Amino acid sequence: MNEKEYDNLLHIKTAGTLELLSQSPHYNRYEATPYEALDVLFNEYALERTDGFVDFGCGKARVSFYVHNRFSASVTGIEMNAQLYQDAIENLVQYRRKNKRAGGAIRFERCFAESYEIEASENRFYFFNPFSIQIFMTVIGNIMQSVERVMRPVDVILYYPTAEYVQFMDNQTPFELLKEVKIDRLYEKNENERFLVYRLGE
């Protein structure tokens, strides 16, 4: 299926990009993770219904709906941009109207990622370069503090990871690389077309 067909299947609209003009230079433009990439990742890396998945910089929430639909896990999307947050809410209305089956909760929070308080039930954290390394470092610190409060294994999933993100995770955190998933067809042209999954604790 192409991008539009996949959106239609989920009854959402997530295509396109959005430049965040007049926003903080720490936040990057909206661009959805390709469905093709999500299929490859989650064929190799499964979630459990009991997982709590957080999509940082969720935008119009493609990843959030994909994960909820495929795994019935609880999902929280974090988005600071008013227009993108509204798009996610509108998508949620359509998604719920067409997807009646039981599953975990799905919700969206409009806030800065670094101010979001990690819940003890949340253990899978997704990033597609939504913001600067400074904010990323703060968010990872918040995740680690959450683990100190309530011990549990947590995973950080990076798509199209920047060198700064990778160097920070490898050299300045106790996270260990669990899995690298390459999007083969795209990776041949661009070595950034991959996912890195890091885990803290077992």
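Just above sits the structure.
Bear in mind the structure is a predicted one, so any value in this text is a computation, not a measurement. (Residues numbered from 1 in each chain as written. Predicted model: local features only at pLDDT ≥ 70, side-chain atom pairs only at ≥ 80, totals over all residues. Heavy atoms only, no water.)

**Considering the pattern of salt bridges**
Tallied over the entire structure, the rule returns 8 salt bridges. Between Glu119 and Arg107 there is a salt bridge, with the nearest N and O atoms lying 2.9 Å from each other. Separated by 12 residues along the polypeptide, Glu119 in the loop between strand E5 (106-110) and strand E6 (124-127) and Arg107 in strand E5 bring together distant segments of the chain. Here Glu122 makes a salt bridge to Arg107, at a shortest N to O gap of 3.7 Å. Remark: Arg107 occurs in strand E5 and Glu122 occurs in the loop between E5 and E6; sequence separation between them is 15 residues. Residue Glu122 is classed as buried on the basis of its relative accessible area, which comes to 3%. With relative accessibility at 24%, the residue Arg107 sits in the partly exposed group. Connected through salt bridges with shared partners, the residues Asp51, Arg124, Asp155 and Arg199 form a single ionic network. (Salt bridge = Lys/Arg side-chain N within 4 Å of Asp/Glu carboxyl O. Helix = DSSP H or I, 4+ residues; strand = E, 2+ residues; numbered from the N terminus. Buried < 20%, exposed > 50% of the residue type's maximum accessible area, 1.4 Å probe, protein only.)

**Let's talk about the side chain of Asn129**
Topologically, Asn129 is positioned in the loop between E6 and helix H5 (133-149). Of the residues examined, Asn129 reaches a relative accessible area of 12% and is grouped as buried. Here Tyr160 takes part through its backbone oxygen, which lies 2.5 Å from a polar atom of the side chain of Asn129. (Polar contact = N/O pair within 3.5 Å; in protein donor to acceptor, adjacent residues only side chain to side chain.)

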